[in-house]
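Structural description and commentary
Residues per chain, in single letters:
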Amino acid sequence: MLKINNLHASVEDKTIIQGLDLEVKPGEVHAIMGPNGAGKSTLGYVLSGRDGYEVSEGSVELEGADLLDMEVEERAQAGLFLAFQYPVEIPGVSNMEFMKESVNAIREQQGKESLTAAEFLKKAKAACKQVQLPLDFLKRGVNEGFSGGEKKRNEIMQMILLEPKLAILDESDSGLDVDALQVVADGVNSQRDGERSFIVVTHYQRLLDYIKPDFVHILADGKIVKSGDASLAHEVEKSGYAFLGKKYEEAE
Ligand code: ADP
Ligand code: MG
Ligand code: MG
């Protein structure tokens, strides 16, 4: 599904990602943890193709295609979803219209028929219910005046509607309450089907009590320094990142 090979990337001339390797197979859920400033969010931004993030070395393949060569919209159409891909407020465009266009653009790319307004409305209402947002959210302007928790629920609703092949969620700094965490976890769990893959960036071990990852990776100094199963997350919760060396002993 996703193959990252020896990735090096910088922002503002500062090298952040330094030789990162990661392989995600269809249906797998990978959690990425790591100390603050390790480069977790940067990795997400690089994969999403955000402006200002330069790749100097390495490769990223999504289902065998060169991801780094694609425009941002092409990445979404190739089946990649990043929770922070649509962070901007778009006043005057309703959530509903925005999502319908996005979903149909992706369906077109995949050779599927467009959803009619009625078909989409039905799906959107179900998704809205699932993430515990009132239905009038569909009529609101995209992200217009949403609270932190509402934005998060809206993001998960977008993920449910877009049915991506690979979703990357960054929950590092979002300060979510338990209800919102459960909405995130339920969104992921409801989409797990043995085909779709997920990368969940988090420093809440608690989130991983609800989303059982197949693999846990520790990212430090711009690369993955340790990988294991879900028990690695428990280890980190108990002992922090001291095992990474002196520099991290007091980090968390
Ligand atoms: P994490 O998500 O793991 O906490 P980030 O990816 O946000 O870490 O940041 C990794 C490092 O890159 C940090 O040292 C951070 O200060 C630096 N960094 C991030 N964005 C920028 C930027 N726009 N300009 C300069 N440095 C940045
Ligand atoms: Mg951070
Ligand atoms: Mg971060």
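The preceding data block contains the structure.
Residues numbered from 1 in each chain as written. Chains lettered and ligands numbered in written order. Predicted model: local features only at pLDDT ≥ 70, side-chain atom pairs only at ≥ 80, totals over all residues.

1. Notes on the site of ligand 1
Put simply, the rule reads: For each residue, a C-beta atom is placed from the backbone, and the residue is labelled near a molecule or strand when this atom is within 6 Å of it. Numbering of helices and strands runs from the N terminus, with a helix taken as a DSSP run of H or I at least four residues long and a strand as a DSSP run of E at least two residues long. Asp, Glu, Lys and Arg are counted as charged, while Ala, Val, Leu, Ile, Met, Phe, Trp, Tyr, Cys and Pro are counted as nonpolar; the rest, among them Gly, fall into the polar class.
Around ligand 1, the structure places 13 residues, and the nearest of them are Glu12, Gly37, Lys40, Ser41 and Thr42. Put simply, the parts of the chain that give the shell around ligand 1 at least two residues each are strand E2 (14-24) and helix H1 (40-48). If you tally residues by element for the shell around ligand 1, the top one is H1, at 3 residues. Counted by class, the shell around ligand 1 contains 3 nonpolar, 7 polar and 3 charged residues.

2. Comments concerning the packing of helix H5 (residues 148-162) against helix H6 (residues 178-191)
To characterise two packed helices, one gives the angle between the axes of the helices and the distance between these axes. The line we're drawing: Only C-alpha atoms enter the line fits that serve as axes; for helices the fit covers just the stretch in contact. Angles between N-to-C directions range over 0 to 180 degrees. For classification purposes, an angle smaller than 35 degrees is called roughly parallel, one larger than 145 roughly antiparallel, one from 65 to 115 roughly perpendicular, and anything else oblique. By the convention adopted here, residues are in contact when the distance between their C-beta atoms, placed from the backbone, does not exceed 7 Å.
Contact pair H5 / H6: the axes reach a minimum separation of 10 Å and the direction vectors enclose 5°. Here H5 is positioned roughly parallel relative to H6, judged by the angle of their axes. Residues Gly149, Lys152, Arg153, Ile156, Met159 and Ile160 of H5 pack against Ala180, Val183, Val184, Gly187 and Gln191 of H6. Of the residues that constitute the contact of H5 with H6, the class distribution is 6 nonpolar, 3 polar and 2 charged.

3. Observations concerning the nonpolar core
What counts here: Here a nonpolar core is just a set of buried residues of the types Ala, Val, Leu, Ile, Met, Phe, Trp, Tyr and Cys, joined wherever their C-beta atoms sit within 7 Å. The burial criterion counts other C-beta atoms lying within 10 Å of a residue's C-beta, which is placed from the backbone; the residue is buried at 20 or more, exposed at 12 or fewer, and partly exposed between these limits.
Residues Ala124, Met157, Leu161, Leu169, Val184 and Val200 are the most contacted members of the largest nonpolar core, which totals 67 residues. Apart from residues lying up to four places away in sequence, alanine 124 is in contact with Met96, Met99, Leu138 and Leu161.

4. A few points about the environment of alanine 118
Considering the arrangement of structural elements, one finds alanine 118 in helix H4 (residues 117-130). Taking the number of C-beta atoms within 10 Å as the measure of exposure, alanine 118 has 7 and is therefore exposed.

5. Digging into the sheet that holds strand E1 (residues 2-11)
Operational definition: One requirement defines pairing of two strands: DSSP has to find at least two bridges between them.
Judged by pairing direction, the sheet is antiparallel, and its 4 strands sit side by side in the order E2-E1-E4-E5 without closing on themselves. The two strands at the open ends of the sheet, each matched to only one other strand, are E2 and strand E5 (65-66). Note that E1 and E2 share 8 bridges and pair antiparallel. Bridge assignment links serine 10 to a residue of E2, and that residue is threonine 15. Along the sheet face, H1 touches E1, E2 and strand E4 (53-62) and points at about 75° away from the line of E2.

6. With respect to the sheet that holds strand E12 (residues 223-228)
Sheet strands associate in pairs through backbone hydrogen bonding, adopting either a parallel or an antiparallel arrangement. Strands sit in the order E6-E9-E10-E3-E11-E12 across an open sheet of 6 strands; the sheet is mixed. Both outer strands of the open sheet, strand E6 (80-82) and E12, are each paired with one neighbouring strand and no more. Each adjacent strand pair in this sheet contributes to an overall mean axis angle of 20°, direction not counted. For strand E11 (residues 215-220) and E12, the ladder comprises 5 bridges, and the chain directions are antiparallel. Bridged to leucine 219 within E12 is isoleucine 224.

7. Side note on H5
For clarity, the threshold we go by: Here, expected helix span is obtained from the residue count minus one, scaled by 1.5 Å.
Taking 1.5 Å of rise per residue, 15 residues should cover 21 Å, and H5 covers 21 Å from first to last C-alpha, within 8% of that figure. For H5, the tally of buried residues reaches 11 of 15 residues, placing the bulk of the element in the interior. Every buried residue belonging to H5 is among Lys152, Arg153, Asn154, Glu155, Ile156, Met157, Gln158, Met159, Ile160, Leu161 and Leu162, and all of these are buried. Where H5 is buried, its residues contact E6, helix H3 (95-109), H4, strand E9 (166-170) and H6. Looking one or two residues past H5, glutamate 163 carries a phi angle of roughly 45°, positive in sign.

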